[in-house]
Amino acid sequence: MAYTGTNMSAPKLDGQALRRYTSKNIKENIFQEILALPEKGITEQFSNDTDASEIRIIRQVVPDIKARRLGASVNGGYFNSNAPKMPQSAEYGLKILYMIDDQIDFPTVMDEMVELGVAEATTKAVAGLVARNINASTIAHQIAAVVNQEIATANSTNNVVVDATGNIKDALFTASGLLDDGDVDNGVDTFDINRRQGFLRASARVDLLKSGQIIVGGSNYAQEMLARGAISPNTYKQDKLQYVGEIDGTPFCVVAKPVWDLAEEYCQLTAGSLASVLGLVTAADATGRALAFNNSVKIIDCPRGQGKTAQYKYRWGIECFFYKGIVPILKNGTTLKSISSTAITIEAPGSVTSLGD
């Protein structure tokens, strides 16, 4: 049988074997970091103790009290004629049940033969995957909250903005106006403008940079924005991979396509189901997040032989409290039914496929 091992003649040029060199530097993977900032796009104020499986959150319901006038024919006496009221509460649960906890073996013999920082690079990659999953699960929960409310109320939610004019800037301002209206049924007169965050598809950021989409204060600002690829002269966080500036006092960031694709998996939707979503504008108080990253990486002796085993333990949870604090921006000609005509059930992708897939 012919030898099928290493091709000792490669690389080769004009009959002469050439030297091959393996770089000592590993080509790193590039992931987006966790995008939703605490107390901007989400809130983490309830996640002080993340060892539990669920955090119970209590909100005191605003009492049904109306002003009265002394001397009126109804309840106008010196003393209020209404019966005393009792405090009432509403409860929310923030389950911390999503996990990334696979194990990876690093054999000693591999470490001897490969003079590269394989373990360190792999651990960085796992951390990147965790960030991608947190970003995707957050978007999935937020979109599902609005879609499911629309279905439950027979299409009367209207907590969505459609970019009907092709000017996404105007759509983003409209979304901000919806958040200004608050959610009085849940004790929110207005969502704090300082506690908001926006998330855009890459195509939406490009549209914002096109002529006529952004109001600028002078040619110097315009030139700086075009040069930096930012949507405002002074970006919230100067990172071209993520935060790209502010609109109406709200910091916006670009969400990479792999995050949108993974969000579809969390929603158990077919590929492309979220293509109609250009972005989201969210209020921090509408979505709770808890990150249980204590002892997230543990290194032990490999039980299968000489080497080390990295045991990962990343756990987190997402819960949407008020759907009115989440405003999706949709493409022209689409509706929430373009995403799903039935209620969305969120599930971790690894829990809907067979083991080993």
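It should be emphasised that the depicted structure is a prediction, and the values quoted were computed from it without experimental measurement.

About the thresholds
- Residues numbered from 1 in each chain as written.
- Predicted model: local features only at pLDDT ≥ 70, side-chain atom pairs only at ≥ 80, totals over all residues.
- Heavy atoms only, no water.
- Core = buried A, V, L, I, M, F, W, Y, C linked by side-chain atoms within 4.5 Å.
- Buried < 20%, exposed > 50% of the residue type's maximum accessible area, 1.4 Å probe, protein only.
- Helix = DSSP H or I, 4+ residues; strand = E, 2+ residues; numbered from the N terminus.
- Contact = heavy atoms within 4.5 Å.
- Axes fitted to C-alpha atoms, helices over the stretch in contact; angles between N-to-C directions.
- Parallel < 35°, antiparallel > 145°, perpendicular 65-115°, else oblique.
- Left-handed = near helix turned anticlockwise from the far one by under 90°.
- Nonpolar A, V, L, I, M, F, W, Y, C, P; charged D, E, K, R; others polar.
- 1 Å grid on protein atoms, 1.4 Å probe; cavity = no way out; pocket = protein on both sides within 12 Å on 5 of 7 lines; lining within 4 Å.
- Points joined across faces, edges and corners; volume = space filled by probe spheres on them.
- Pairing = 2+ DSSP bridges.
- Lys, Arg positive; Asp, Glu negative; His and termini not counted.
- Salt bridge = Lys/Arg side-chain N within 4 Å of Asp/Glu carboxyl O.

Participant: I tried to follow the nonpolar core on my own but got confused; where do I start?
Facilitator: Note on soluble globular proteins: their nonpolar side chains tend to be buried together. Grouped together as the largest cluster of nonpolar side chains are 72 residues, with contacts concentrated most on I143, L172, Y266 and I339. It is helix α2 (residues 118-152) that provides the largest number of residues to this core, a total of ten residues. If we skip the residues at most four places from it in the chain, Y266 touches Y98, N133, A136, S137, A140, W316, T345, I346, E347, A348 and P349.

Participant: I keep staring at unusual backbone geometry and nothing clicks. Help me out?
Facilitator: Peptide bonds are, in most cases, trans, and in most cases residues other than glycine have a negative phi. Backbone geometry at N75 places phi at a positive 50°, although glycine is not the residue there. Residue placement: N75 occurs in the loop between β3 (54-60) and β4 (89-95). The class of N75 is buried, set by a relative accessible area of 17%. The phi dihedral of D248 falls on the positive side, at around 55°, and the residue is not glycine. Take D248: it is sitting in the loop between β9 (243-247) and β10 (250-254).

Participant: For this particular structure, what's the right way to read the packing of α2 against helix α6 (residues 257-266)?
Facilitator: The packing of two helices is summarised by the inter-axis angle and the distance between the axes. Two elements in contact, α2 and α6, have axes whose closest approach is 8 Å; the angle formed by their N-to-C orientations is 60°. If you check the angle between α2 and α6, you find them oblique. Considering only the axes of α2 and α6, their crossing is right-handed. For the pair formed by α2 and α6, the contact residues are R132, N133, N135, A136, S137, I139, A140 and I143 on the first element and P258, V259, W260, L262, A263 and Y266 on the second. Classifying every residue of the contact of α2 with α6 gives ten nonpolar, three polar and one charged.

Participant: Help me understand the layout of surface pockets in this model?
Facilitator: Rolled over the atoms, a probe sized like a water molecule indicates the empty space that remains. Taken as a whole, the largest pocket encloses approximately 630 Å³ of empty space. In terms of lining, the largest pocket is formed by 24 residues, of which the most central are M99, I100, D102, N133 and G350. Put simply, the parts of the chain that give the lining of the largest pocket at least two residues each are β5 (98-100), α2 and α6. For the lining of the largest pocket, the element with the most residues is α6, which contributes five residues.

Participant: Looking at this structure, how should I read the packing of helix α3 (residues 168-180) against helix α4 (residues 202-209)?
Facilitator: With their axes 9 Å apart at the nearest point, α3 and α4 run at an angle of 110° to one another. Here α3 lies roughly perpendicular to α4, going by the angle between them. On α4, the residues touching I168, K169 and L172 of α3 are A204, D207 and L208. Among the residues making up the contact of α3 with α4, the classes are represented as four nonpolar, no polar and two charged.

Participant: Explain empty space enclosed by the protein to me, please; I cannot follow it from the model alone.
Facilitator: Evaluated as defined, the whole model comprises two cavities of 30 Å³ or more. Reported here for the largest cavity is a volume of approximately 50 Å³. Forming the walls of the largest cavity are L35, A36, N135, T138, I139, F199 and V255. Here the lining of the largest cavity gets three residues from one element, more than from any other, and that element is α2. Of the residues belonging to the lining of the largest cavity, the class tally is five nonpolar, two polar and no charged.

Participant: In this structure, what is going on with the sheet that holds strand β13 (residues 297-301)? I would like to understand it.
Facilitator: Two orientations exist for strands paired in a sheet by backbone hydrogen bonds: parallel and antiparallel. Strand order in the open sheet formed by three strands is β6-β14-β13, and the pairing between neighbours is antiparallel. The outermost strands of the open sheet, each flanked by one partner alone, are β6 (103-107) and β13. Across this sheet, the average inter-strand angle for adjacent strands is 20°, counted without regard to direction. Where β13 meets strand β14 (residues 307-312), five bridges bridge the pair, whose relative direction is antiparallel. Paired with I299 across the bridge in β14 is A310. In this fold α2 packs onto β6, β13 and β14, with an angle of close to 165° to the strand it touches most, β6.

Participant: How do you make sense of the side chain of R195 when you look at a structure like this?
Facilitator: Tracing the backbone through its elements, the reader meets R195 in the loop between α3 and β8 (196-200). When residues no more than four places from it in sequence are discounted, the contact partners of R195 are E39, K40, T43, Q45, T282, A283, A284 and D285.

Participant: How should the side chain of D183 be read in this particular structure?
Facilitator: Examined against the element boundaries, D183 turns out to sit in the loop between α3 and β8. An unpaired buried charge is present at D183: no salt bridge exists, and K324, the closest side chain of opposite charge, is 4.4 Å distant. Ignoring any residue separated from it by four or fewer positions in sequence, one finds D183 in contact with V188, F191, F322 and K324.

Participant: Help me understand the pairing of strand β11 (residues 277-283) in this model?
Facilitator: Of all the seven residues making up β11, seven are buried; the element is thus mostly covered by neighbouring parts of the structure. Alignment of β8 against β11, held across five bridges, turns out to be antiparallel. In the sheet register, L200 faces β11, and the bridge partner there is G279. Where β11 lies against strand β16 (residues 326-331), five bridges are found, and the strand directions are antiparallel. Opposite L280, over in β16, you have P328 as the bridge partner.

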